[in-house]
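Per-entry structural report
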Amino acid sequence: MKFTKEHEWLRVEGDLVVVGITEHAASALGDVVFVELPDTEMQVAAGDEICVIESVKAASDILAPVDGEIVAVNEALSETPSLVNEDPLGAAWFFKMKIDDLSVLDDFMDEDEYKDMIG
Amino acid sequence: MAPAEGITISGARDGVRTEGAPQDRGWPVRPVPEYLRPAEEGGRVSDLERLVLHDLHVELGGKMVPFAGYEMPVQYGLGVMKEHLHTRSKAGLFDVSHMGQVLLRPKGSYEATALAFEALMPVDVLGVAPGRQRYGLFTNAEGGILDDLMFANRGDHLFVVVNAACKGQDIAHMTAHLSDTTEVIPVTDRALFALQGPAAEAALDRVAPGAAAMRFMDVAVLDSAFGPLWVSRSGYTGEDGYEVSVENGQAEALARALLAMEEVEAIGLGARDSLRLEAGLCLYGHDIDTTTTPVEAGLTWAIQKARRTGGARAGGFPGAGRILAELADGPARLRVGLRPEGRAPMREGVDIFAGDTAVGRVTSGGFGPSVEAPIAMGYVSAAQAAIGTVLEGEVRGKRMPLTVAAMPFQPNTYKR
């Protein structure tokens with residue numbers, strides 16, 4: 001699993017990248033009450049704000065970590081936003097992306113580097 | 001263009017940055033209440049005052065954030081949602097010592113002080129019986145609201161509690177206008193707690209016998225093992241409960257005694273905000289300010305008959321011309337409750353439309369944990385203010401339905 005400095009995790013699943021947010025981010029956001037997911041078959045560029053997470057405290061964005069196409073979104077989050085707090089690394093994946101070259105993921109942090117970043 | 005930021009978390013501060021670069025995309029800004037902003041936005045920690053119980057809040061796991069010039073606990077370990085629900089089901093203890101406590105001691109008669117204080121507000125001060133408290137509003141010459149407050153008749157003097165962010169200007173305002181009749185004495189040697197929720201009565205009565213016998217908006221000085229407590233049966237959550245002023249030196253012992261009770265949990269500012277929003281109560285600086293009048297704000301219940309046209313002491317307060325005219329003719333806009341459709345919260349700053357016409361703006365909004373839905377309040381044109389009117393709020397460039405709704409969103413449980 002790889003990590004972005006925006007507190008997203010990236011997991012390779014076949015030729016797809018699955019994206020979610022870290023436990024640290026979920027905990028900092030507080031109780032999540034609403035998730036807005038992107039459209040599938042949407043082309044996105046790295047840094048695009050493509051999801052919105054609303055917690056009891058505030059709204060936050062999830063950014064596309066890399067260029068690619070959204071091929072699946074986790075509709076369960078629309079029904080049960082609290083999954084983000086309950087199982088951020090598992091059931092609460094946000095979207096799956098198809099990207100041209102999986103080697104771009106090498107540029108992201110591994111778990112130890114991410115842990116160092118959050119202290 | 002500012003770089004997109006995503007989820008930015010700033011260390012120990014409660015810092016989920018939320019802005020990204022929405023303005024550049026024509027998206028509405030998503031403002032975050034001051035106390036939810038990271039320290040570097042809300043103020044430098046070194047500039048902030050600390051509560052007397054600062055160390056206790058840290059010990060209890062409080063996340064300390066800047067609010068109104070103080071380092072305040074925004075939440076503890078339970079988190080905002082559970083703290084909110086705990087307050088509604090049992091009892092929550094809030095440290096509100098940042099608020100301004102002020103004594104108004106008559107130099108002459110109590111009546112002269114009450115009348116002088118009354119000249120600052122569209123409120124009947126003289127008619128408040130000994131041992132009773134009332135909600136008040138300082139107004140300016142344009143009828144705008146300088147601050148909202150609670151005041152109590154304590155027999156031979158008045159006790160006033162004002163908002164933290166306004167307390168300096170409020171004390172100056174009272175000193176400037178009351179000094180002929182009254183000594184204006186800021187109380188700096190006492191902490192202030194709110195104990196709120198259905199179990200508050202039993203909890204406080206254990207440490208301050210007599211608390212249970214009080215009614216909503218009664219005030220009393222109750223003896224306790226923590227010295228004399230200045231107690232009012234009131235609060236700002238919509239729940240039954242109390243506000244308790246205690247000597248600084250006894251504050252920690254009182255807080256620990258209450259927190260040791262099974263039904264009492266420490267509750268932070270985050271839940272205080274969602275509780276008061278569900279209760280339909282205004283947050284000064286957001287829902288009311290110098291640009292809103294009490295009539296626009298729907299606070300006409302706070303303007304007693306004695307101060308209205310035809311009353312015994314009609315007018316004679318700052319902004320009376322506008323406020324009395326609005327009482328007679330209706331205001332151009334009104335603060336209303338709003339229920340967004342679906343689950344997406346509409347927060348402060350969201351513009352409200354009727355068709356293509358902009359008709360207002362959300363002044364407070366979020367998710368109501370007890371209502372289990374997004375709720376908001378804001379100002380809309382009087383023509384759009386009827387309950388049931390369906391309008392649209394613009395969130396992230398999309399117009400979403402929202403309906404004008406009755407407040408409170410959550411029924412209050414005051415012991416009248």
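Numbering of residues begins from 1 in every chain and follows the order in which that chain's sequence is written. Chain A is the first chain written and ligand 1 is the first ligand written, with later ones labelled in order. The predicted origin of the model limits local features to residues at a pLDDT of at least 70 and limits the giving and counting of side-chain atom pairs to 80 or more, whereas totals for whole chains, interfaces and linings rest on all residues.

**Considering the overall build of chain A**
Secondary structure elements are defined from DSSP: runs of H or I of at least 4 residues count as helices, runs of E of at least 2 residues count as strands, and each element is numbered from the N terminus. The helix and strand inventory of chain A stands at 4 helices and 9 strands. What you see in chain A, going N to C, is helices and strands ordered as β-β-β-α-β-β-β-β-β-α-α-β-α. It is over C-alpha atoms that the radius of gyration is taken, and the globule rule equals 2.2 Å times the number of residues to the power 0.38. Taking 2.2 N^0.38 as the reference for a compact globule, 119 residues should give roughly 14 Å; the C-alpha atoms of chain A span a radius of gyration of 13 Å, in line with that estimate. Exposure classification rests on a simple neighbour count of other C-beta atoms within 10 Å of a residue's own: a residue reaching 20 or more is buried, one at 12 or fewer is exposed, and one in between is partly exposed. C-beta atoms are placed from the backbone. Counting only residues that meet the buried cut, chain A has 45% of its 119 residues in that class. Expressed as a percentage of contacts within chain A between residues at least 6 apart in sequence, the contacts between residues at least 24 apart total 62%. Here, residues touch in the contact sense if the C-beta positions derived from the backbone fall within 7 Å of one another.

**Here we look at the overall build of chain B**
Scanning chain B from terminus to terminus reveals 9 helices and 22 strands. Once local pairs closer than 6 in sequence are excluded, the contacts in chain B between residues at least 24 apart make up 64%.

**Digging into the sheet that holds strand β7 (residues 59-63) of chain A**
In a beta sheet, neighbouring strands are held together by backbone hydrogen bonds and run either parallel or antiparallel to one another. Residue and element names in this part refer to chain A. If you walk across this open sheet you meet the 3 strands as β4-β6-β7, and the pairing is antiparallel. Two strands close off the open sheet at either side, each with one partner strand: β4 (32-36) and β7. With direction set aside, neighbouring strand axes in the sheet form an average angle of 25°. In this analysis, strands are considered paired if DSSP registers two or more bridges between them. Note that β4 and strand β6 (residues 49-55) share 4 bridges and pair antiparallel. By the bridge assignment for β6, V32 is matched with S55. Lines are fitted to the C-alpha atoms to define the axes, a helix being fitted only along its stretch in contact, and any angle between axes, read from their N-to-C directions, falls within 0 to 180 degrees.

**Some remarks on the sheet that holds strand β19 (residues 357-368) of chain B**
Residue and element names in this part refer to chain B. Sheet architecture is closed into a barrel: 6 strands sit in the order β17-β20-β19-β18-β21-β22, paired in antiparallel fashion. Pairwise comparison of adjacent strand axes, ignoring direction, gives a mean angle of 45° for this sheet. Here strand β18 (residues 351-354) pairs with β19 via 4 bridges, running antiparallel. When the bridges of β19 are listed, F353 appears paired with A358. Along the sheet face, helix α8 (residues 269-278) touches β19 and β20 (373-381) and points at about 125° away from the line of β19.

**Digging into the UniProt feature "domain: Lipoyl-binding" (unreviewed entry) in chain A**
UniProt positions are given in the numbering used here, feature names are shortened, and annotations may be inferred rather than shown by experiment. Following the UniProt record, one finds the feature "domain: Lipoyl-binding" (unreviewed entry) at residues 16-98 of chain A. Secondary structure content for residues 16-98 of chain A is 18% helix and 42% strand, while the C-alpha to C-alpha distance between its ends is 5 Å.

**Overview of the UniProt feature "modified residue: N6-lipoyllysine" (unreviewed entry) in chain A**
All names here are of chain A. As recorded in UniProt, the sites labelled "modified residue: N6-lipoyllysine" (unreviewed entry) are K57. Residue placement: K57 occurs in the loop between β6 and β7. With 28 C-beta atoms counted inside 10 Å, the residue K57 sits in the buried group.

**Details of the environment of V162(B)**
Residues and elements named next belong to chain B. Looking at where V162 falls in the secondary structure, it is placed in strand β10 (residues 158-162). On the neighbour-count criterion, V162 (27 C-beta atoms within 10 Å) is buried. Separated by 71 residues in the primary sequence, V162 and R233 place their C-alpha atoms 16 Å from one another.

**Concerning the pairing of strand β9 (residues 95-98) of chain A**
All names here are of chain A. Alignment of strand β3 (residues 16-21) against β9, held across 4 bridges, turns out to be antiparallel. Its bridge partner lying in β9, V19 is registered against F95. As judged from the 4 bridges shared by strand β8 (residues 68-73) and β9, these two strands associate in the antiparallel manner. Residue pairing in the sheet places V73 in a bridge with F95 of β9.

**Focus on the environment of G131(B)**
Mapped onto the elements of the fold, G131(B) is located in the loop between α4 (110-118) and β8 (133-139). Residue classification places G131(B) among the partly exposed residues on the basis of 17 C-beta atoms within 10 Å.

**Let's talk about the pairing of strand β22 (residues 398-405) of chain B**
All names here are of chain B. For strand β17 (residues 333-340) and β22, the ladder comprises 4 bridges, and the chain directions are antiparallel. Bridge assignment links G337 to a residue of β22, and that residue is A405. Both strand β21 (residues 390-395) and β22 contribute to a ladder of 6 bridges, which runs antiparallel. Bridge pairing links E394 to R399 in β22.

**Considering the nonpolar core**
All names here are of chain B. For our purposes the nonpolar core covers buried Ala, Val, Leu, Ile, Met, Phe, Trp, Tyr and Cys residues that link as a set through C-beta atoms within 7 Å. Counting residues in each nonpolar core, the largest one holds 117 residues, and the members touching the most others are L93, V160, F193, L195 and V231. The element best represented in this core is strand β9 (residues 145-153), accounting for 6 residues. In this structure V160 touches V102, L104, L149 and F151, once residues within four positions along its chain are discounted. Grouped together as the second largest cluster of nonpolar side chains are 21 residues, V359, V395, V404 and F409 included.

**Focus on α8(B)**
Residues and elements named next belong to chain B. The buried fraction of α8 amounts to 9 of the 10 residues, a majority that puts the element mostly inside the structure. Within the sequence span of α8, burial applies to L269, G270, A271, R272, D273, S274, L275, L277 and E278. Considering only its buried residues, α8 is in contact with β4 (63-67), β5 (70-75), α3 (80-89), β6 (91-95), β19 and β20. G280, located one to two residues past α8, shows a positive phi value of around 75°.

**A look at the packing of α3(B) against α8(B)**
Residues and elements named next belong to chain B. In contact at an axis separation of 8 Å, α3 and α8 are set at 55° when each is read in the N-to-C sense. Classified by the interaxial angle, the pair formed by α3 and α8 is oblique. Crossing of α3 over α8 shows right-handed handedness. Across from V80, E83, H84 and T87 in α3, the residues of α8 making contact are G270, A271, S274 and L275. A per-class count over the contact of α3 with α8 returns 3 nonpolar, 4 polar and 1 charged. Roughly parallel covers angles under 35 degrees, roughly antiparallel covers those over 145, roughly perpendicular covers 65 to 115, and oblique covers all other angles. Left-handed describes a crossing whose near helix is turned anticlockwise from the far helix through less than a right angle; right-handed describes the clockwise counterpart. Residues are grouped as follows: nonpolar covers Ala, Val, Leu, Ile, Met, Phe, Trp, Tyr, Cys and Pro; charged covers Asp, Glu, Lys and Arg; every other residue, Gly included, is treated as polar.

**Comments concerning the confidence of the model for chain B**
Residue and element names in this part refer to chain B. For every residue, the predictor assigns a confidence score, pLDDT, that lies between 0 and 100. Averaged over chain B, the pLDDT score is 91; the fraction of residues at 70 or greater is 89%. This model gives residues 10-43 a pLDDT under 50, and the stretch forms 78 contacts once residues within four places in sequence are excluded. This complex was scored by the predictor with a pTM of 0.89 and an ipTM of 0.82.

**Quick look at unusual backbone geometry**
Residues and elements named next belong to chain B. In this chain, M407 is followed by P408 through a cis amide linkage whose omega measures 0°. Phi at E372 is positive, roughly 60°, even though this residue is not glycine. Among the structural elements, E372 can be located in the loop between β19 and β20. Taking the C-beta count within 10 Å as the criterion, E372 has 10 such neighbours and is therefore assigned exposed. One non-glycine residue with positive phi stands out, namely R396, at about 50°. Locating R396 in the fold gives a position in the loop between β21 and β22.

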